[in-house]
Amino acid sequence: MSGLALQNVVKEFGAFKAVNDVDLTVPHGTFVCMLGPSGCGKTTLLRMIAGLDLPTSGAIRLDGEDITRVPTHKRNLGMVFQSLALFPHLTVGENIAYSLRIRGAPKEDQKKRVEELLSMIHLSGYADRPVSKLSGGQRQRVAIARALAISPKLFLLDEPLSALDAKLREAMQVELRQLQQKLGITTIVVTHDQREAMTMADTVVVMSGGEIRQAASPIEIYRRPADSFVADFIGQTNLIEVESDTRNHVTVLGQPVPGLQLPPGAAKATISIRPEDVHLTAPGAGALTGTVTFVRDLGGTIETFVEAGDRQIVAVSTPRERPEVSVGQQVGIALTPDVCVVLRK
Ligand SMILES: Nc1ncnc2c1ncn2[C@@H]1O[C@H](COP(=O)(O)OP(=O)(O)OP(=O)(O)O)[C@@H](O)[C@H]1O
């Protein structure tokens, strides 16, 4: 297969398993974001792909070749890490050409490639500037261009945008994705920022405790989370316990939810329903009835917090479809079966 494949990859530090039996296929030319809370093993996994750490067991293949024990410099990788490590005493052009010079590429080829990359990162004409005179975003682009100079097979980035302020960071996410699409390079980014992952990735890999909980497209992860960890970690959601009787009729707090089905034999389950899928109705008309406890008008959206039984449910709507509700009011909550996701334990 063309691309990257991880097979049963394990990394132990003493008795601690930082990465536990990870299988992952990254087809050639795709963009993968590894996402998860601090300490979930994302960087450790990336370091093994980069050859900076050796797996305790398992195999890593690139375009069919077993590279598990191949040293980093022979893997044909481009890498950008959080600390960009640009050479401060060199110019932009010298930084970008660095790996080409080390490999003995002719001067003319180096110059041509630098110009090509500078145009790609929208910094044409900057070749002779010292990197110390660049802004944060410009430095970021130079680090990306430097990593891409050798036309690597695999592009690896660890929290590459985390030092930038929020606005610049969002702009760079779009730029990075556009650049990757233009070059068609297989790319893996580690991030703890879900918006960043959703913006850039073909596949989001959600990790927790050294394991992959789900690997799927951003929309699939959002709409069809595999388990309650993923549902809760990605975006905002309402997790609600439901019960099923012997005829598989599902109830929430004793109220029937027609059309919702649990897996055969399951008497209880948790469902996830996104706030934008929660519809407020007249009291008694929905599956649940509750009291509005807080309304947050964010301009583009309005969030309504409703207390129903012992749970809080959040509904999000746009101002146009704004329900006329105020704190203390009784409302009904409709749970539409086709947007309720029954979660794996
Ligand atoms: N060299 C090491 N020796 C011992 N334990 C380590 C080592 N490197 C990582 N770990 C542990 O392995 C776990 C996973 O670390 P890793 O850096 O991969 O997490 P991460 O998901 O990238 O977290 P973060 O987002 O905070 O960078 C952590 O509990 C960490 O303490």
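- The name given to the chain in an unreviewed UniProt entry is ABC transporter ATP-binding protein, with the source organism recorded as Sinorhizobium glycinis.
- Under the Sequence similarities (unreviewed entry) heading, UniProt states for the chain: "Belongs to the ABC transporter superfamily."

**Considering the confidence of the model for the chain**
Step number 1: Across the chain, pLDDT averages 90, with 97% of residues at or above 70.
Step number 2: For this predicted complex, the interface score ipTM comes out at 0.95, alongside a pTM of 0.88.

**Some thoughts on the sheet that holds strand β8 (residues 186-191)**
Strand pairing in a sheet relies on backbone hydrogen bonds, with the paired strands running either antiparallel or parallel.
Step number 1: The strand order across the open sheet built from six strands is β6-β7-β8-β3-β9-β10, with neighbouring strands paired in mixed fashion. Taken across any chain shown, the strands that pair with only one partner, and hence form the sheet edges, are β6 (77-80) and β10 (211-216). Here the average twist between neighbouring strands, direction ignored, is 15°.
Step number 2: As paired elements, strand β9 (residues 203-208) and β10 share five bridges and run antiparallel to each other.

**What to know about the site of the ligand**
Step number 1: Close contacts around the ligand come from Phe13, Ala18, Gly36, Ser38, Gly39, Cys40, Gly41, Lys42, Thr43, Thr44 and His192, and that covers them all.
Step number 2: Of the residues assigned to the shell around the ligand, the class counts are three nonpolar, seven polar and one charged.

**Regarding the pairing of strand β4 (residues 57-62)**
Step number 1: Pairing between strand β1 (residues 3-13) and β4: five bridges, direction antiparallel. Note that in β4 the partner of leucine 4 across the bridge is leucine 62.
Step number 2: Two strands pair when backbone bridges link them, and β4 and strand β5 (residues 65-66) are joined in this way by two bridges, in the antiparallel orientation. Its bridge partner lying in β5, leucine 62 is registered against glutamate 65.

About the criteria used
Residue numbering note: each chain is counted from 1, following its sequence as written. Note on the predicted model: pLDDT of at least 70 is required for a residue's local features to be given, and 80 or more for side-chain atom pairs to be given and counted; whole-chain, interface and lining totals, by contrast, use all residues. UniProt positions are given in the numbering used here, feature names are shortened, and annotations may be inferred rather than shown by experiment. Here pLDDT means the predictor's own confidence in every residue, given as a number from 0 to 100. Whether two strands pair comes down to DSSP finding at least two bridges between them. Every helix listed is a DSSP run of H or I at least four residues long, and every strand listed is a run of E at least two residues long, numbered separately from the N terminus. Note on method: axes are straight lines fitted to C-alpha atoms, helices fitted across the in-contact stretch only, with angles between N-to-C directions ranging 0 to 180 degrees. Think of it this way: take the backbone, place a C-beta atom on it, and check whether that atom is within 6 Å of the molecule or strand, in which case the residue is near it. Each residue is assigned to one class: nonpolar for Ala, Val, Leu, Ile, Met, Phe, Trp, Tyr, Cys and Pro, charged for Asp, Glu, Lys and Arg, and polar for all the others, Gly among them.

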